[in-house]
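One letter stands for each residue in the lines below.
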Amino acid sequence: MRKVMTGNYASAYGAKAARAEVIPAYPITPQTSIVEKLAEFVSTGELRAKFVPVESEHSAMAACVSASILGARTYTATSSHGLALMHEVLMWASGARLPVVMTNVSRAMAPPWSVWADHMDSVAERDTGWMQFFCESNQEVLDTIIMAYKVCESRGIMLPAMIIEDAFILSHTSEPVDVPDQDAVDSFLPSYDPEMKLEVGKPMGFGSLVRPDQYMEFRYKSMLAMREARDRILSVETEFKQVFGRSYGGLLDEYMCDDAEVALVAAGSVAGTARTVVDRLRAKGMRVGLARIRAFRPFPFQEFRSLASKVSGIAVLDRSYTHGAAGAFFTEIQGALYDVPKRPAMKNYIAGLGGRDITPDVIERIFEDILVRCERGSDPEPEWIDVVGLPRRQS
Amino acid sequence: MSRSYEDIPLTPISDTPSTMNMTGLWRVFRPVVDLDKCKKCTLCWKFCPDAAIVLVDGKPKIDLRYCKGCGICANECLAECIIMVKEEAE
């Protein structure tokens, strides 16, 4: 059934379609309408779930962990400072191997106080052991929640996943979204059936102390699970496409890259803008493409190496900045490409922080710059786009 | 004995409560109570961070299976009836 809805409602409908059973959540701008909609679904009986109004995001994730240990399918949503407050418990969820699925409405970190789109909050949690999926559209948000549960709950994986939608650009913007048929979702995503769970009559301690002689073995298992998730994400998406007719390009979603001279790497809603710029420049005869990071964890190593074999230049657009280094996407892609036989020219572009619009004009200028870089070679210095006070690049 | 990563669960799971950990083995100093001097104020019982003191007729009895020998009871005791004695190797 097609409805017009915001990214936040797409998240709520995704959690409902996946039949989340326990939803502990704390409201924060711009995530609030996800939680409101889910509370409404629960109160009207449309969704049979326990809605837990908690006193903080730390508690929200702690409640998710507890419910998940008991074998419940668990969902929550947060944003920026709420996500940061969860940090400790995010590690608990992944270390205890619990398939919690959460929407993070990606928003800038303060100060300066900001409620707008920026990937710093999500990027700052890349090391917590969660899978991270950046979404381009509201439909992708809804579909990815359903797919994520299937990936996360796979016996060989058992890891949590973060579904990332950009603040306001997706969270509060309405688009037509197909809400899939419930029976089809139910057969695609059977109810959660963990190998082991906590039972009331049988007390157990989860995640208890291990000594130095055994700790690394548990971490090694998590590494194997995240590695296996790469294939699982692809196979689940293939299956999803067979049933629902939609897919999103796996871990790295390439658009017009096969014969491209240069590719722009970006994540989130800006990819939609970049597609139109690619079309426009292609019409002028410029061989440009887009490689959209869909999964940041697990990181698409092979996909980037395959991209590098096709193009002469890679522009990496980071909507966050790791101070003292560079954009996180850029440094990780650079690392992945260090030993490829033919290394493309690379450059890092920092844009759109704190919700500043990344317009088609900005993307066009990035493409023009990276095309020049193919001849001049990589630029080690990240370029901050349109910072007032810096000389504006002439295209 | 350390086990292979293939033979361990996804996350460490214990089916026994933490009372199975005999933390008394950590002790270097043992509290010794002079029950004749005890005024039954129960401060030692209230302050024990490990709940290793039980009250018998209002007076403390140290549960040496769990007492880590931290000495807080001796420090808090107003009647000065608890002294810390170094454990000797048996």
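Residues numbered from 1 in each chain as written. Chains lettered and ligands numbered in written order. Predicted model: local features only at pLDDT ≥ 70, side-chain atom pairs only at ≥ 80, totals over all residues.

A. Highlighting the overall build of chain B. When helices and strands are counted, chain B shows two helices and five strands. Going from N to C terminus, chain B has its helices and strands arranged as β-β-α-β-β-α-β. In terms of C-alpha radius of gyration, chain B reaches 17 Å, well past the compact-globule figure of 12 Å for 90 residues. Its C-alpha atoms give chain B principal-axis dimensions of about 60 × 30 × 20 Å. A buried classification covers 17% of the 90 residues belonging to chain B. Counting contacts in chain B only where the partners sit at least 6 residues apart, residues at least 24 apart contribute 67% of the total. (Helix = DSSP H or I, 4+ residues; strand = E, 2+ residues; numbered from the N terminus. Rg over C-alpha atoms; globule rule 2.2 N^0.38 Å. Buried ≥ 20, exposed ≤ 12 C-beta atoms within 10 Å, placed from the backbone. Contact = placed C-beta atoms within 7 Å.)

B. Structural detail: the environment of D369(A). Residues and elements named next belong to chain A. Its place among the elements puts D369 in helix α12 (residues 360-376). By C-beta crowding, D369 is classed as buried, having 20 other C-beta atoms within 10 Å. Separated by 54 residues in the primary sequence, D369 and A315 place their C-alpha atoms 8.7 Å from one another.

C. Structural detail: the pairing of strand β7 (residues 161-166) of chain A. Residue and element names in this part refer to chain A. Of all the six residues making up β7, six are buried; the element is thus mostly covered by neighbouring parts of the structure. Burial along β7 is two-sided: A161, I163 and E165 facing one way and M162, I164 and D166 facing the other are all buried. Examined bridge by bridge, strand β5 (residues 101-106) and β7 share six bridges and lie parallel to one another. Each residue of the ladder has a partner; that of M102, found in β7, is M162. (Pairing = 2+ DSSP bridges.)

D. View of the interface of chain B and chain A. Between chain B and chain A, the contact holds 11 residues from the first and 17 residues from the second. Here the side of chain B that touches chain A is composed, by residue class, of six nonpolar, three polar and two charged. Here strand β9 (residues 205-206) of chain A runs beside strand β1 (residues 13-14) of chain B; their pairing, made up of two bridges, is antiparallel. Paired with G205(A) across the two strands is S14(B), which belongs to β1(B). (Nonpolar A, V, L, I, M, F, W, Y, C, P; charged D, E, K, R; others polar.)

E. Expanded view of unusual backbone geometry. Residue and element names in this part refer to chain A. Following A110, the chain continues into P111 via a peptide bond in cis, with omega recorded as -10°. Residue P298 follows R297 across a cis peptide bond; omega there is -5°. You can see P298 is positioned in the loop between β13 (295-297) and α10 (301-308).

F. Examining the sheet that holds strand β10 (residues 252-255) of chain A more closely. Residues and elements named next belong to chain A. With mixed pairing, six strands are arranged side by side in an open sheet as β10-β12-β11-β14-β15-β16. What marks the edges here is a single partner per strand, and that holds for β10 and β16 (383-384). When strand β11 (residues 262-266) meets strand β14 (residues 313-318), the two strands line up parallel, connected through four bridges. Paired with V262 across the two strands is G313, which belongs to β14.

G. Spatial organisation of helix α6 (residues 138-152) of chain A. Between its terminal C-alpha atoms α6(A) stretches 21 Å, which fits the 21 Å expected from 15 residues at 1.5 Å a residue. Of all 15 residues in α6(A), 15 are buried, a share of seventy percent or more. (Expected span 1.5 Å × (residues − 1).)

H. Structural context of the packing of helix α9 (residues 270-283) of chain A against α12(A). Residues and elements named next belong to chain A. Between α9 and α12, the least distance of the axes is 9 Å, while the angle of their chain directions is 60°. Relative to α12, the element α9 is oriented oblique. Every pair of crossing elements has a handedness; the one defined by α9 and α12 is right-handed. Listed contacts from α12 to T273, A274, T276, V277 and L281 of α9 are P360, I363, E364 and F367. (Axes fitted to C-alpha atoms, helices over the stretch in contact; angles between N-to-C directions. Parallel < 35°, antiparallel > 145°, perpendicular 65-115°, else oblique. Left-handed = near helix turned anticlockwise from the far one by under 90°.)

I. Broad picture of the nonpolar core. Grouped together as the largest cluster of nonpolar side chains are 130 residues, with contacts concentrated most on I163(A), A263(A), L264(A), V265(A) and A315(A). It is α6(A) that contributes the most residues to this core, nine residues altogether. Here this core spans two domains, since at least three of its residues come from each of domain 1 (2-244) and domain 2 (254-384) of chain A. When residues no more than four places from it in sequence are discounted, the contact partners of I163(A) are V101(A), M102(A), T103(A), F133(A), C135(A), V141(A), T144(A), I145(A) and A148(A). Listed in part, the 10 residues of the second largest apolar core include A52(B), I62(B), C81(B) and I82(B). (Core = buried A, V, L, I, M, F, W, Y, C linked by C-beta atoms within 7 Å. Domains from an automatic or database assignment.)

J. Just the packing of helix α1 (residues 7-17) of chain A against helix α2 (residues 32-43) of chain A, in detail. Residue and element names in this part refer to chain A. In the contact formed by α1 and α2, the axes pass within 8 Å of each other and the chain directions differ by 40°. Classified by the angle between their axes, α1 and α2 sit oblique to one another. Here the hand of the crossing between α1 and α2 comes out right-handed. Contact residues: α1 offers N8, Y9, S11, A12, A15 and K16, while α2 offers S33, I34, K37, L38 and F41.

K. Region of the structure containing the domain arrangement of chain A. All names here are of chain A. You can read the domains of chain A as domain 1 (2-244) and domain 2 (254-384). Once you take the C-alpha centre of each, domain 1 and domain 2 turn out to be 28 Å apart. Contacts between domain 1 and domain 2 engage 29 residues on the former and 19 residues on the latter. Of all the secondary structure elements, the ones that give two or more residues to the side of domain 1 that touches domain 2 are α5 (120-123), β6 (131-134), β7 and α8 (212-244). When residues of the side of domain 1 that touches domain 2 are assigned to their parent elements, the largest contribution, five residues, is made by α8. When the residues that make up the side of domain 1 that touches domain 2 are grouped by side-chain class, the tally is 18 nonpolar, five polar and six charged.

L. Highlighting the sheet that holds strand β4 (residues 75-78) of chain A. Residues and elements named next belong to chain A. Spatially, five strands are ordered β4-β5-β7-β6-β13 in an open sheet, and the strand pairing comes out mixed. On the outer flanks of this sheet lie β4 and β13, each paired with one strand and no other. Neighbour-to-neighbour, the strand axes of this sheet turn through a mean angle of 20°, independent of strand direction. As defined by bridge partners, β6 adjoins β13 across two bridges and the pair is classed as antiparallel. The residue of β13 that forms the bridge with Q132 is R297. Sheet strands in contact with α6 are β5, β6 and β7, and its direction is about 170° off that of β7.

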